[in-house]
Amino acid sequence: MWVLGLESSCDETAAAVVDEHGTVLSDVVRSQIAAHQPYGGVVPEIAARDHLRAVVPVIEQALAQAGRTLAELGGIAVTARPGLVGALLVGVQAAKGLAWASGKPLVGVDHLVGHLLSAFLHRPAAPGAPAGPPPTAVPAFPFVGLLVSGGHTGLYRCDGAEVESMHELGATRDDAVGEAYDKVAKLLGLGYPGGPIVDRLAADGSADRSRVRLAAPMAHRESLEFSFSGIKSAVARHVDGPDAPSNDAQVADLCAAFQRAVTATLVAKALRACRQHEIPRLVVAGGVAANRGLRERLARACAERAVALFVPPPESCTDNGAMIAYAGALRLRRGERDRLDLGPLVTSALRRVTRKGRGRREG
Ligand code: KG4
Ligand code: ZN
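Quantities reported herein were computed from a predicted structural model and do not represent experimental measurements. Numbering of residues starts from 1 in each chain and follows the order in which that chain's sequence is written. All chains are assigned letters beginning with A, and all ligands numbers beginning with 1, in the order in which they are written. Given that the model is predicted, a residue must reach a pLDDT of at least 70 before its local features are reported, and side-chain atom pairs must reach 80 or more before they are shown or counted; all residues, however, enter totals for whole chains, interfaces and linings. Note that the side-chain values use all heavy atoms of the structure and ignore hydrogens as well as water.

### Concerning the side chain of Ser206
Helix and strand assignments follow DSSP, with helices taken as H or I runs no shorter than four residues and strands as E runs no shorter than two, numbered in order from the N terminus. Summarising the element assignment, Ser206 is placed in the loop between α6 (194-204) and α7 (229-240). Using a 1.4 Å probe on the protein chains alone, a residue whose accessible area is under 20% of its type maximum counts as buried, one over 50% counts as exposed, and one in between counts as partly exposed. A relative accessible area of 17% means that Ser206 is categorised as buried. Here, two residues are considered to be in contact whenever any of their heavy atoms come within 4.5 Å of each other. Not counting residues up to four positions away in its chain, the partners in contact with Ser206 are Asp253 and Ala256.

Encoded structure:
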């Protein structure tokens, strides 16, 4: 059963055709980065307008690359939550229009569920192309999911592929980790999106040489919660102070110190979650999973603790339509359907245990 998946929750307009086994026939992603670059962050109104322009061509391209027509599909899946409401609305309306016109079933997908299932996607080589690497192993349930992106940061216990089987163990109290990377890059005047730039500079720098001591945020706590606003403020104070980095080498050292502190926390908490829940499988998802420092530390720590680590390829980690199509295909296979009055929601269906700015919810 081939399913068309649409994604428009933030700054990527994406469409893909995927089946219920995770086989990706096509995966088209149109990034809006250039439109938001002058502002150093995503501007919701620009995002919504840009999705509107891109959504139909992106869908047409995904169907053409898959060699499938709407009539040959088993259904249409769309990110319905969480995200920017104006941005979500574009994908949801497009999906509803297609479902109504074609008579195909419609399912809404939670964006976080899509990310947490992205390790199940596999991308066969295009016909005629040289054979790619062999399919990597897929995780078994239960697994611990570490979601690290520009909009979300949290740890999840995943006992199955349904919303009801995924439970937040702890999330960020304030900024998402990608957001912290982007803000630090902005403070240092490095450009947008800042994550990849800071990551690259960190490889040349030395955390030991850095004149600023950045502690791993909340690493000492037994909890599985995160907080990144404090470390961002520490960088801001440093940049405004007398020891502000004054050359490229000092900027690189500061990036290295920031990266070391942040990745130390992510790795420590992810492995703590595996230990507390006695689950020897860890799946990483979201755009920050591309971070080289994080990948290296995770690989080392997981090998030491005999935890199997699953890091999907970058095209599955960043926002994409394939993860939405796959999560939607599983819903359709279970016989689930949404009605044509489906509307976007800004919150995830996964219950938050960490409250913004306040820590853990009791009970
Ligand atoms: O998942 P994603 O594409 O979009 C969502 O936020 O949903 O993640 C984008 C975020 C941005 O904040 C970007 O700076 C960050 O991921 N990012 C990185 C790296 N590559 C992307 N952060 C740190 N290191 C990287 N190599
Ligand atoms: Zn995302």
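### Examining the coordination of the zinc ion (ligand 2)
Ligating atoms shown are N, O and S within 2.8 Å of the metal, or 3.2 Å for Na, K and Ca, and water is not included, meaning a site may look less than complete. The coordination sphere of the zinc ion (ligand 2), as far as protein atoms go, consists of His111 (NE2), His115 (NE2) and Asp319 (OD), spread over 2.1 Å. For a four-donor site, all angles between 85 and 135 degrees give tetrahedral; for four or six donors, opposite pairs above 155 degrees with the remaining angles between 65 and 115 give square planar or octahedral; all remaining cases count as irregular. Taken together, the 4 donor atoms coordinating the zinc ion (ligand 2) and their angles of 87 to 139° define a geometry best described as irregular. When the donors of the zinc ion (ligand 2) are listed by position in the chain, the intervening gaps give H-x3-H-x203-D. Here His111 and its partner His115 are both found in helix α4 (residues 111-116), 4 residues apart, which amounts to about one turn of the helix. Each member of the pair, His111 together with His115, is buried.

### Things to note about the site of ligand 1
Of all residues adjacent to ligand 1, which total 17 residues, the nearest are Gly150, Asp182, Asp199, Gly287 and Asn291. In protein, a polar contact means a hydrogen-donor-capable atom and an acceptor-capable atom, both N or O and within 3.5 Å, with residues adjacent in sequence counting only if both atoms are side-chain atoms; elsewhere, any N or O pair within 3.5 Å suffices. Within the contact set of ligand 1, an oxygen atom lies 3.2 Å away from a backbone nitrogen or oxygen of Gly178. One nitrogen or oxygen atom from the main chain of Gly287 is found 2.9 Å from an oxygen atom belonging to ligand 1. Surface accessibility in these figures is a Shrake-Rupley result with a 1.4 Å probe; residues are shielded only by whichever protein chains are displayed. Bound to the protein, ligand 1 loses 88% of the 560 Å² it would expose on its own. Residue assignment for the shell around ligand 1 shows that the elements contributing at least two residues are α5 (177-187) and α6. When residue character is reported, Ala, Val, Leu, Ile, Met, Phe, Trp, Tyr, Cys and Pro are called nonpolar, Asp, Glu, Lys and Arg charged, and the others, Gly included, polar. Tallied by class, residues from the shell around ligand 1 come to 5 nonpolar, 9 polar and 3 charged. Only a single heavy atom is needed: when it lies within 4 Å of a molecule or strand, its residue is near that molecule or strand.

### So, the nonpolar core
Counting 47 residues, the largest nonpolar core has Leu146, Leu155, Leu214, Phe258, Leu266 and Leu282 as the members making the most contacts within it. Those residues within four positions of Leu146 in sequence are excluded, and the remaining contacts are Gly154, Leu155, Phe226, Leu266, Ala270, Leu282, Val283, Val284 and Ala285. Counting 33 residues, the second-largest nonpolar core is a separate cluster that includes Ala16, Leu116, Ala325 and Leu350. Here, nonpolar core means buried Ala, Val, Leu, Ile, Met, Phe, Trp, Tyr and Cys residues that are tied together by side-chain atoms lying within 4.5 Å of each other.

### Section: a positive patch on the surface
Exposure above 30% relative accessible area and the lack of any salt bridge qualify a residue for a patch; like charges then connect within 9 Å, and the nonpolar side chains Val, Leu, Ile, Met, Phe, Trp and Tyr within 5 Å. Take a side-chain nitrogen of Lys or Arg and a carboxyl oxygen of Asp or Glu: if they are within 4 Å of each other, that pair is a salt bridge. Only four residue types enter the tally: Lys and Arg on the positive side, Asp and Glu on the negative side, with His and both chain ends excluded. Here the site of a charge means NZ on Lys, CZ on Arg, CG on Asp, or CD on Glu. Residues Arg351, Arg358, Arg360 and Arg361 make up a contiguous surface patch of positive charge. In this structure, Arg361 sits in the segment after β12 (359-360).

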